[in-house]
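In case you want the letters, here they are:
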Amino acid sequence: MIPESGEGFKSGFVALVGRPNVGKSTLLNALIGQKIAITSPIAQTTRNRLRGILTLAEAQIVLVDTPGIHKPHHLLGQTIVKNAIGAISSVDTTVLVVDGSDRMGTGDRFVADTILQSRVPTILGINKIDRLDESIDTVSSYESFATENGWQVAKFSSVTGEGLEALQTMMCDRLPLGPYYYPPDLVTDQPERFIMGELIREQILLLTREEIPHSVAVSIDLVDEQPKLTKVMATVHVERDSQKGILIGKKGQMLKEIGTKAREQMQKLIMGSVHLEIFVKVQPKWRSSRFQLSDFGYRVE
């Protein structure tokens with residue numbers, strides 16, 4: 001039974017921060033226990049801050065999954081990185097997620113220095129310990145950096161679940177006493193429409209060529225919930241006609257496969273049948289347009 005807040009109950013916000021493709025979204029899904037953030041081998045998969053809500057007997061941890069911090073090349077990239085850095089200063093604790101199967105590099109150090117400037121309590125989270133090569137020492141450089149800066153170290157695998165319980169304990173220890181921020185049965189503050197759009201974008205990331213993924217935005221135009229079926233209409237926005245052709249594919253096969261796989265994920269999300277229609281529209285240079293970025297849900301300051 002979950003205790004009433006105020007009886008030693010803790011609550012607060014924890015940002016998952018790191019360079020692209022270190023496994024932050026996979027970690028978020030593993031901690032929550034279900035898929036709320038999309039994942040792919042493509043760097044910079046996460047674009048918006050996504051909150052996952054982990055309610056335990058002793059605490060409610062609001063996990064903020066941030067985009068990978070990288071050198072931006074357009075307004076979208078600048079907006080993504082600015083929002084990620086902004087998240088660091090507005091939380092109770094930060095988990096710097098790193099890839100333990102690789103040595104600490106300049107990208108990790110840049111993110112670490114950014115966190116140090118914020119003076120937010122930090123845990124160094126060494127992910128992917130299931131992929132460590134015993135003949136190569138990739139972990140000691142991270143541990144040395146953590147020791148120098150007084151950070152506690154958590155080693156875990158977001159894939160196997162090893163070490164996640166210890167990480168949860170470390171996060172709880174750093175939270176202040178407080179109330180529930182969200183109902184205990186809620187796992188994310190994002191609406192279903194947002195997650196549906198992300199599920200479509202995930203399949204595009206997984207199925208299309210390298211030139212496509214970072215040029216794509218998805219908008220959900222209609223969600224019609226009927227007794228036995230939910231109808232969803234979505235538009236995929238790209239920057240060039242050639243990208244539209246790739247997304248549609250020969251005789252529409254690529255778009256059909258994207259739709260089929262995205263629909264399967266949506267049915268898990270809503271626990272019911274889904275009819276999905278996807279259209280593709282060319283929006284030239286949308287990643288450099290403040291108006292269009294805002295229209296697609298990105299906070300541009």
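Rules behind the numbers
Residues numbered from 1 in each chain as written. Predicted model: local features only at pLDDT ≥ 70, side-chain atom pairs only at ≥ 80, totals over all residues. Heavy atoms only, no water. Helix = DSSP H or I, 4+ residues; strand = E, 2+ residues; numbered from the N terminus. Buried < 20%, exposed > 50% of the residue type's maximum accessible area, 1.4 Å probe, protein only. Contact = heavy atoms within 4.5 Å. Areas by Shrake-Rupley, 256 points an atom, 1.4 Å probe, with all protein chains shown as cover. Pairing = 2+ DSSP bridges. Axes fitted to C-alpha atoms, helices over the stretch in contact; angles between N-to-C directions. Salt bridge = Lys/Arg side-chain N within 4 Å of Asp/Glu carboxyl O.

Draft legend 1. Structural detail: the overall build of the chain. Helix and strand counts for the chain stand at 9 helices and 9 strands. Counting over 301 residues, the chain shows a buried share of 50%. For the chain, the proportion of contacts with a sequence separation of at least 24, taken over those separated by at least 6, is 71%. Looking at the chain as shown, the accessible area adds up to about 14,600 Å², and 49% of this sits on carbon and sulfur atoms.

Draft legend 2. The sheet that holds strand 1 (residues 10-17), seen in detail. The 6 strands are arranged 2-3-1-4-5-6 in an open sheet whose pairing can be described as mixed. At either end of the open sheet lies a strand with only one pairing partner, and these are strand 2 (50-55) and strand 6 (152-155). Neighbour-to-neighbour, the strand axes of the sheet open up by a mean angle of 25 degrees, direction not taken into account. Note that strand 1 and strand 3 (residues 59-65) share 7 bridges and pair parallel.

Draft legend 3. Seen up close, the side chain of Glu239. Here Glu239 is to be found in the loop between strand 8 (230-238) and helix 7 (241-248). Owing to a relative accessible area of 12%, Glu239 belongs among the buried residues under this scheme.

Draft legend 4. Here's a closer look at the pairing of strand 3. Of all 7 residues in strand 3, 7 are buried, a share of seventy percent or more. Residues Ala59, Ile61, Leu63 and Asp65 line one face of strand 3 and the alternating positions Gln60, Val62 and Val64 line the opposite face, and both faces are buried. Strand direction decides the pairing type here: strand 2 and strand 3, joined by 6 bridges, are antiparallel. Bridge pairing in strand 3 links Leu54 to Ile61. Between strand 2 and strand 3, which follow one another and run antiparallel, lie 3 residues.

Draft legend 5. Representation of the pattern of salt bridges. With the rule as written, the count across this model stands at 6 salt bridges. Between Asp99 and Lys128 there is a salt bridge; the shortest N-O distance is 3.6 Å. Here the residue Asp99 occupies a position in strand 4 (residues 93-99), and Lys128 occupies one in the loop between strand 5 (122-127) and helix 4 (140-148), the gap between them amounting to 29 residues. Taking the shortest distance from any N to any O, the salt bridge between Lys155 and Glu143 comes out at 2.7 Å. Taken together, the positions of Lys155 in strand 6 and Glu143 in helix 4 put the pair 12 residues apart, joining distant regions of the chain. Take Lys155: its relative accessible area is 42%, and that puts it in the partly exposed class. Assessed through its relative accessible area of 27%, Glu143 is described here as partly exposed.

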